[in-house]
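Below, each chain spelled out in residue letters.
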Amino acid sequence: MKFINDTIHSSVFFAAYLMVAGGFLITALLTTALFTTAQASNYPAAGNFSEGSKVWAENCNRCHNMRGPKELRDDQWITTTFHMRLRAGLTGQETRDVITFMQASNTKAGATQVAVESSTGATGKETYEKTCVACHGDEGKGAFPGTPDFTSSDGILAKSDAELIRNITNGFQSEGSPMAMPPKGGNPNLSESGIKAVLAYIREAFGQ
Amino acid sequence: MMSCSCYSLTRKLLVTAIAVALPGMAVAEPTNADLQGQIDALQSQVTALNTEVNQATEWKNPNTLIHTAGYADVGYVKKEGQDGSFVVGRFAPIFHYQYRDIVMLEAELEFEVGEDGETEVALEYLTIDWFLNDYAVLVAGKFLSPIGQFRQNLHPSWINKLATPPPGFGHDGAAPVSDLGLQVRGGFPFAGMRANYAIYASNGPEINAETEDGIDYELDGVAAEGFNADVDGEKTFGGRFAILPVASVEVAVSVAGGKATVTNVEGEEPPLPPGTVGPVANQTARDYSVYGADFVWFTGNMSVRGEFVKTKVGNDRSAGVTASDGATWQTWYTQVAYRLPNSKWEGALRYTDYDSPHDSVDIKQAAIGLNYLVTNTFIVKLTHEFNEGKTDQTTGVKYATDDDLTVLQLAYGF
């Protein structure tokens, strides 16, 4: 028994030691990339809005309730997301993507922002997959608690087009949800025709 | 005399009023030139204002960013057989100081009020995080233990679905609380999936021993709380590796190993390095190892998670004063939380089984919770613990761990 215990402990210790030593060595080799990222004139470099919304929706809820974009200012989202990079094990690129999404999504209705990709010419399906899917999910049932279920027969799609377009344009907080959808789903460049197209797609794909 | 003065004043006022009114009455409709002048003046003002507004955006991108986050909780606690009490749980501000995307200093203080009314302050963690590249961050200082997920990610009261932590994940439990040393952590894509890791080298824990007769000793507990000195000179190496096969699932294993020595005996302060005079002189370093595994799965309104941690300290067969058998601390829990659709109500269930070398702290616990999310970061929690402790073999009486507990808690994360 003692032999087995000693062997197990020696193996654990050796594995842990190897893991740490190897990890530090790999880190030392990778630090050459430091000098290409740290010298950028602006920080953090612009990320990808759509990817950011996806990373936000898929990771934050793993530990805690979702925090909406309007909870913090642009500069506060930088420190908060860098802090969360460590907690959630995000890559640097994922961190920049989330910051871009949060900063673009906390703007007031009517504001425009150049960092967000244009929705001009996109179909309703394309707009949904870029702007809406992170929160509302592939199946329209909501990707995390607090988002409405589009497939519910007496759900949010029972409202008129005019009311839904107004809600999408100005942002909206569903009853019972502790977090509001930002104006235009967080994509300030979403046009009026784009909103109509995505609403038509939502009704077609998920409506009862 | 008085009447003369009033007359004079009234007259002056009338003259002044007429003088003010006349020019207005005499002015004709404004000319185009007048209007153009007013428009030019307004445009000039708008241009100046725009310039000022644009120049005032410099605060958005300074090289140094300062931010405060954290959490706090207060509530009411009622333990079986005791009177209930209003309590302040803790206030834990977290300070972030960041220089561009290069480095961040993170520090969390923890303020608690003791039963005697005294305020206790502790440094939960303090690290300097050097963002080396997209896949690695060097974390130096006192950090929350990367073993498992509860200590490093879930213990803040606004995150924990229940008002109390699972047994074995607190101080002197099976899971390390914090450590002091160097850590590298990050995330990376892995075979079409995502993965994250943390590896560290640290001062490691201190082992406590106890004795009833001053002759026979036994291990009391492993204090893994980020000590600012390595009194036994033995380092610990460890880490955690997690993989996310799909976005809604994370599975991880943790391991740590090294040597640790008895540096404290109950009632003896302060800790004494091995070899010095005192009850802990000439102690032999023991094997120290930690194994852990954890998972989380969430779908729609439901999340399921679980965690297992086992800490093992080896025998000491030397001639040292506290030479004794080794000991094992082990705990696991699994938890389900479900948010009612289109509502702010949430239910949570958790089952925990904690085993240690001491019957007095061993416990099996089922906890049930009902939460109301006023906002996503301000939560009212009602938790009831059904506790099953062991029986004292000498008295035949159940230990205090057998008492049930009810907690009403207001938790706020900011």
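Residues numbered from 1 in each chain as written. Chains lettered and ligands numbered in written order. Predicted model: local features only at pLDDT ≥ 70, side-chain atom pairs only at ≥ 80, totals over all residues. Heavy atoms only, no water.

J.: Residue-level account of the interface of chain A and chain B, with values.
T.: It is common to give the size of an interface as the accessible area that goes away when the parts come together. At the junction of the two partners, chain A supplies 64 residues and chain B supplies 78 residues. For the pairing of chain A and chain B, the buried interface totals around 6,000 Å² over both sides, and the portion due to carbon and sulfur atoms is 59%. Ranking the residues of chain A by area buried against chain B places A:Tyr43, A:Arg62 and A:Leu86 at the top, with a combined share of 14%. Taken together, chain A and chain B are joined by three salt bridges. For B:Glu250, the salt bridge identified is with A:Arg62, shortest N-O distance 2.5 Å. Taken together, the connections running from chain A to chain B amount to 18 residue pairs in polar contact (both at pLDDT 80 or more). Contributing elements (two or more residues each) for the side of chain A that touches chain B: helix H1 (2-30), helix H2 (34-37), helix H3 (49-59), helix H4 (74-88) and helix H5 (92-105) of chain A. In terms of residues, the side of chain A that touches chain B owes the most to one element, H1(A), which gives 14 residues. (Contact = heavy atoms within 4.5 Å. Buried area = accessible area lost by both parts, 1.4 Å probe. Salt bridge = Lys/Arg side-chain N within 4 Å of Asp/Glu carboxyl O. Polar contact = N/O pair within 3.5 Å; in protein donor to acceptor, adjacent residues only side chain to side chain. Helix = DSSP H or I, 4+ residues; strand = E, 2+ residues; numbered from the N terminus.)

J.: Quick one: what's the story with the packing of aromatic side chains, residue by residue and with numbers?
T.: By the definition in use, this model includes 23 aromatic pairs over all chains. Measuring from ring centre to ring centre gives 5.6 Å for A:Tyr128 and A:Tyr201, while their planes differ by 55°; the resulting arrangement is tilted. Highlighted residues: A:Tyr128 in helix H6 (residues 124-136) and A:Tyr201 in helix H8 (residues 192-206), separated in sequence by 73 residues. Exposure class is identical for A:Tyr128 and A:Tyr201. Each is buried. A centroid spacing of 6.4 Å and a plane angle of 85° characterise the contact between B:Phe378 and B:Tyr412, whose relative ring orientation is edge-to-face. Of the two residues, B:Phe378 sits in strand E18 (residues 378-389) while B:Tyr412 sits in strand E19 (residues 405-413), which places them 34 residues apart along the sequence. The exposure class of B:Tyr412 is partly exposed, given its relative accessible area of 43%. Ring pairing ties together the aromatic residues B:Phe91, B:Phe111, B:Phe378, B:Tyr412 and B:Phe414, which thus form one cluster. In this arrangement the basic side chain of A:Arg67 is found over the ring face of B:Trp158, its NZ or CZ atom lying 5.6 Å from the centre. Sitting above the plane of the B:Tyr125 ring, A:Arg87 keeps its charged end 5.2 Å from the centroid. (Phe/Tyr/Trp six-rings, centres within 6.5 Å; stacked < 30°, edge-to-face > 60°. Buried < 20%, exposed > 50% of the residue type's maximum accessible area, 1.4 Å probe, protein only. Lys NZ or Arg CZ within 6 Å of the ring centre and 35° of its normal.)

J.: Any chance you could break down H5(A) for me, citing the residues and the numbers?
T.: Over its 14 residues, H5(A) runs 20 Å from end to end, which matches the ideal 20 Å to within 8%, given 1.5 Å per residue. With 13 of 14 residues buried, H5(A) lies mostly within the body of the structure. (Expected span 1.5 Å × (residues − 1).)

J.: Account for the sheet that holds strand E9 (residues 217-223) of chain B, with residues named and values stated.
T.: Residue and element names in this part refer to chain B. Read from one edge to the other, the open sheet built from three strands follows the order E9-E8-E12, with strand pairing classed as mixed. Either end of the sheet is taken by a strand with one partner, and the two such strands are E9 and strand E12 (262-265). Taking each pair of neighbouring strands and ignoring which way they run, the sheet shows an average axis angle of 40°. Looking at chain direction, strand E8 (residues 206-211) and E12 are connected through three bridges and run parallel. By the bridge assignment, Ile207 is partnered in E12 with Val262. (Pairing = 2+ DSSP bridges. Axes fitted to C-alpha atoms, helices over the stretch in contact; angles between N-to-C directions.)

J.: So what's going on with the confidence of the model for chain A? Residues and values would help.
T.: Residue and element names in this part refer to chain A. When pLDDT is averaged along chain A, the result is 80, and 73% of the positions lie at 70 or above. Within chain A, H2 has the poorest average pLDDT of any element, 46, and H4 the best, 95. Taken as a whole, residues 32-40 scores under 50 in pLDDT and shows ten contacts with residues more than four places along the chain or in a different chain. Confidence over residues 112-116 falls short of pLDDT 50; this stretch has twelve contacts with residues more than four positions distant or in other chains. (pLDDT = per-residue confidence, 0-100.)

J.: So what's going on with unusual backbone geometry? Residues and values would help.
T.: Residue and element names in this part refer to chain B. Although it is not a glycine, Arg100 sits at a positive phi angle of roughly 45°. As for its placement among the helices and strands, Arg100 is situated in the loop between strand E2 (85-99) and strand E3 (103-113). Not every positive phi belongs to a glycine, and Asn342 is a case in point at roughly 55°. Along the chain, Asn342 turns up in the loop between strand E15 (327-339) and strand E16 (345-355).

J.: A description of the pattern of salt bridges should follow, citing residues and the corresponding values.
T.: Close approach of charged atoms lets side chains of opposite charge pair. Residue and element names in this part refer to chain B. Scanning the model with the defined rule gives 22 salt bridges over all chains in all. Measuring nitrogen to oxygen at the nearest pair gives 2.7 Å for the salt bridge that ties Arg240 to Asp294. With Arg240 in strand E10 (residues 236-244) and Asp294 in strand E13 (residues 286-299), the pair connects residues that are 54 residues apart, well separated along the chain. One salt bridge in this structure joins Asp353 and Lys364, with 3.1 Å as the shortest N-O distance.

J.: Outline the packing of H3(A) against H5(A), supporting the account with residue identities and numerical values.
T.: Residue and element names in this part refer to chain A. Their axes nearest at 7 Å, the elements H3 and H5 cross at an angle of 100°. Between H3 and H5, the crossing angle belongs to the class labelled roughly perpendicular. Within the contact between the two elements, H3 uses Phe49, Glu51, Gly52, Ser53, Val55 and Trp56 and H5 uses Glu94, Asp97, Val98, Thr100, Phe101, Met102, Ala104 and Ser105. (Parallel < 35°, antiparallel > 145°, perpendicular 65-115°, else oblique.)

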